[in-house]
Structure formats: structure tokens, C-alpha cells
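Secondary and tertiary structure notes
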Amino acid sequence: MKDNEPNKKNEFEKELDDLKEWEENQYNPGYYIGTGKIPEPIKGVGKYPFIQIIIGFIILIPMIIAIIDETDVLNIIAFIIPAIIGISLIYGGIIKLINMKKIRKGNKLH
């Protein structure tokens, strides 16, 4: 099993290097950053809608605390954009979960 560990480490380091190169050069015209595929660390987040829902709740927590704490109206207005982002993340995660369950049910019926 120890023989496999250096390979995993090398693959992980390569992915990190690729991601760093992509971040640094994504807006340079004519710079080839690969095949246009989404980097693996970013692509993996979409596979787990629970993570998306948790991030949405984490973003909404300050807004909920501000409402419960009866904070000033101007402070609540400042939370509108994060609230929209949090709600959209939660909504998107729930939709993904529903779609995943529909797909699983469809596969079981056939």
C-alpha cells in the first residue's frame, strides 16, 4: 500500500499545479491551459449536493442571527446579497438531490 501513496501524492501535486496554472493564466489570450475541462477539485463539488447545502446554510447563519437579534434595518439590507447566494445554493443542492433520487428510482425500475 505504501507503493501507491507516492503515486497519489504525485497526482494530487500535479492537480494542484494544474489548478494554479489555470488560475494564473485563465484570462491570458492565446495561452493554452489544457483541454478546457473543469479542474477535478472544482468539478467534484457538484457531485455532492450536501456540501452545497451546508455552504448555503453557513452563508445564511449571519442573516438569521441578525434577524433574531433584531439588528438595525440597514444591517439587514447589507445581508441581502449573501442571503440570495445562500438561498440559491440551498435551492440548487435540493434540486440536485431530488434529481439524483429520480435517476436512482428510474434505474431501479428498469
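Residues numbered from 1 in each chain as written. Predicted model: local features only at pLDDT ≥ 70, side-chain atom pairs only at ≥ 80, totals over all residues. Heavy atoms only, no water.

**Remarks on the overall build of the chain**
Counting secondary structure elements, the chain contains five helices and zero strands. For the chain, the sequential pattern of α-helices and β-strands runs α-α-α-α-α. By the burial criterion, 15% of the 110 residues in the chain qualify as buried. Of all intrachain contacts in the chain linking residues separated by at least 6 positions in sequence, the fraction that spans at least 24 positions is 60%. Accessible surface for the chain amounts to roughly 9400 Å². Of this, 65% is attributable to carbon and sulfur atoms. (Helix = DSSP H or I, 4+ residues; strand = E, 2+ residues; numbered from the N terminus. Buried < 20%, exposed > 50% of the residue type's maximum accessible area, 1.4 Å probe, protein only. Contact = heavy atoms within 4.5 Å. Areas by Shrake-Rupley, 256 points an atom, 1.4 Å probe, with all protein chains shown as cover.)

**Describing a negative patch on the surface**
Together, Glu 13, Asp 17, Glu 21, Glu 23 and Glu 24 line one region of the surface with negative charge. Classification of Glu 13 by relative accessible area gives partly exposed; the value is 37%. (Patch = residues over 30% accessible without salt bridge, like charges linked within 9 Å, V, L, I, M, F, W, Y side chains within 5 Å. Salt bridge = Lys/Arg side-chain N within 4 Å of Asp/Glu carboxyl O. Lys, Arg positive; Asp, Glu negative; His and termini not counted. Charge placed at Lys NZ, Arg CZ, Asp CG, Glu CD.)

**Observations concerning the UniProt feature "transmembrane region" (unreviewed entry) in the chain**
This chain's UniProt record puts "transmembrane region" (unreviewed entry) on residues 50–68 and 74–98. With 100% helix and 0% strand, residues 50–68 has end C-alpha atoms that lie 26 Å from one another. (UniProt positions renumbered as here; feature names shortened; annotations may be inferred.)

**What about the confidence of the model for the chain?**
Taken residue by residue, the chain gives an average pLDDT of 77. The fraction at 70 or more is 74%. Looking over the chain, one finds the lowest element-wise mean pLDDT in helix α2 (residues 40–43), namely 62, and the highest in helix α3 (residues 49–68), namely 85. (pLDDT = per-residue confidence, 0-100.)

**A look at the environment of Leu 97**
As for its position among the elements, Leu 97 is in helix α5 (residues 80–109). Distance from Leu 97 to Lys 47, taken between C-alpha atoms, is 9.9 Å for residues 50 residues apart in sequence. Aside from chain neighbours lying at most four places away, what touches Leu 97 is Pro 49, Phe 50 and Ile 53.

**Considering a nonpolar patch on the surface**
A cluster of nonpolar residues, Val 73, Leu 74, Ile 77, Ile 80, Ile 81, Ile 84 and Ile 85, forms a patch on the protein surface that exposes about 700 Å² of accessible area. Listing elements by their share of the nonpolar patch, those giving two or more residues are α4 (73–78) and α5. Examined against the element boundaries, Ile 80 turns out to sit in helix α5. A relative accessible area of 41% places Ile 80 in the partly exposed class.

**Quick look at the side chain of Gln 52**
With respect to the helices and strands, Gln 52 occurs in helix α3. At 3.4 Å, the side chain of Gln 52 and the backbone oxygen of Leu 89 are in polar contact. When residues no more than four places from it in sequence are discounted, the contact partners of Gln 52 are Leu 89, Gly 92, Gly 93 and Lys 96. (Polar contact = N/O pair within 3.5 Å; in protein donor to acceptor, adjacent residues only side chain to side chain.)

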